[in-house]
Amino acid sequence: MSVLEVVRDNIVVQELTEYSEWAAKGIGELMPHLDPSFSSEPTARDLLGDITSSPSHAQLIAISRELALARDPDEQRSGRIIGATTLSMVMGAGFGRRGEMEDVIVDPAARGRGIGGMLLEATDRWCESKGLSFLMFVTEAHRPGAIRMYEKWGAERVTDGTNNVEGILYRKDYPQVA
């Protein structure tokens, strides 16, 4: 088991380490649940390939191994992707190593089962393994469930979504690294 892997019941959260059509399709299908303007087409090969091959980025996926959820032979073999998030490490002379989190999504049919928390646990492990001092991310005010989850996780609001700032900016510190 990888240091990033989180397993509970029939769900596993892990880092995607290489491009696959199965993963590109599964992640792509989740994106309209994050924003209706996003396409449900498979994630572009070059983009997902760049993320998975970079030591400064990670694509985390939550996979259900429940065969009843499988819709095709690929999902029967590999499982169904029911959650995802993308992580990036940013480095600067002043802030040092910090992280950014994008596109946190759990399939609406799978919400309420702790999958978001599993993704965040794997995120903590990734941030600590990279020596990051903090992680930044944005969510929208119309996502109260996500806001509760992030605040329970220990993230603190930096902005409140007013003053022409789109979304609510959050920061999670990793003091043991700083």
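Refer to the structure printed above.
This write-up is about the structure you can find in this document.

Criteria and cut-off values
- Residues numbered from 1 in each chain as written.
- Predicted model: local features only at pLDDT ≥ 70, side-chain atom pairs only at ≥ 80, totals over all residues.
- Heavy atoms only, no water.
- Axes fitted to C-alpha atoms, helices over the stretch in contact; angles between N-to-C directions.
- Helix = DSSP H or I, 4+ residues; strand = E, 2+ residues; numbered from the N terminus.
- Parallel < 35°, antiparallel > 145°, perpendicular 65-115°, else oblique.
- Left-handed = near helix turned anticlockwise from the far one by under 90°.
- Contact = heavy atoms within 4.5 Å.
- Nonpolar A, V, L, I, M, F, W, Y, C, P; charged D, E, K, R; others polar.
- Salt bridge = Lys/Arg side-chain N within 4 Å of Asp/Glu carboxyl O.
- Buried < 20%, exposed > 50% of the residue type's maximum accessible area, 1.4 Å probe, protein only.
- Pairing = 2+ DSSP bridges.
- Right-handed = clockwise from strand over helix to strand, strands pointing away.

## Comments concerning the packing of helix 4 (residues 115–129) against helix 5 (residues 144–153)
Put simply, helix 4 and helix 5 touch, their axes get as near as 11 Å, and they point 40 degrees apart. The angle between the axes of helix 4 and helix 5 places the two elements in the oblique class. The hand of the helix 4/helix 5 crossing is right-handed. Residues G116, G117, L120, T123 and D124 of helix 4 touch helix 5, and the partners they reach there are M149, Y150 and W153. Tallied by class, the residues present in the contact of helix 4 with helix 5 amount to four nonpolar, three polar and one charged.

## Description of the pattern of salt bridges
Under the defined criterion, the tally for this structure stands at nine salt bridges. E121 is the salt-bridge partner of R125, the closest N and O atoms lying 2.8 Å from each other. Here E121 and R125 lie together in helix 4, a separation of four residues that amounts to about one turn. A relative accessible area of 24% means that E121 is categorised as partly exposed.

## Thoughts on the pairing of strand 5 (residues 96–106)
Here strand 4 (residues 80–92) pairs with strand 5 via nine bridges, running antiparallel. Residue pairing across strands places V90 opposite R98, the latter belonging to strand 5. As consecutive antiparallel partners, strand 4 and strand 5 are separated by three residues. Alignment of strand 5 against strand 6 (residues 134–139), held across two bridges, turns out to be parallel. Considered in strand 6, the bridge of E100 is made with M136. The handedness of the strand 5 to strand 6 crossover, carried by helix 4, is right-handed.

## Remarks on the sheet that holds strand 6
Within the open sheet, the eight strands sit side by side as 1-2-3-4-5-6-8-7. Their pairing is mixed. The strands lining the two open edges of the sheet, one partner per strand, are strand 1 (6–8) and strand 7 (156–157). Relative to strand 8 (residues 168–173), strand 7 runs antiparallel, the two sharing two bridges. If you follow R157 over to strand 8, its bridge partner there is Y170. Across the sheet, helix 1 (residues 21–34) touches strand 2 (11–16), strand 3 (57–64), strand 4 and strand 5, and the angle it forms with strand 4 is around 85 degrees. Contacting strand 5, strand 6, strand 7 and strand 8, helix 5 runs over the sheet at an angle of about 165 degrees to strand 6.

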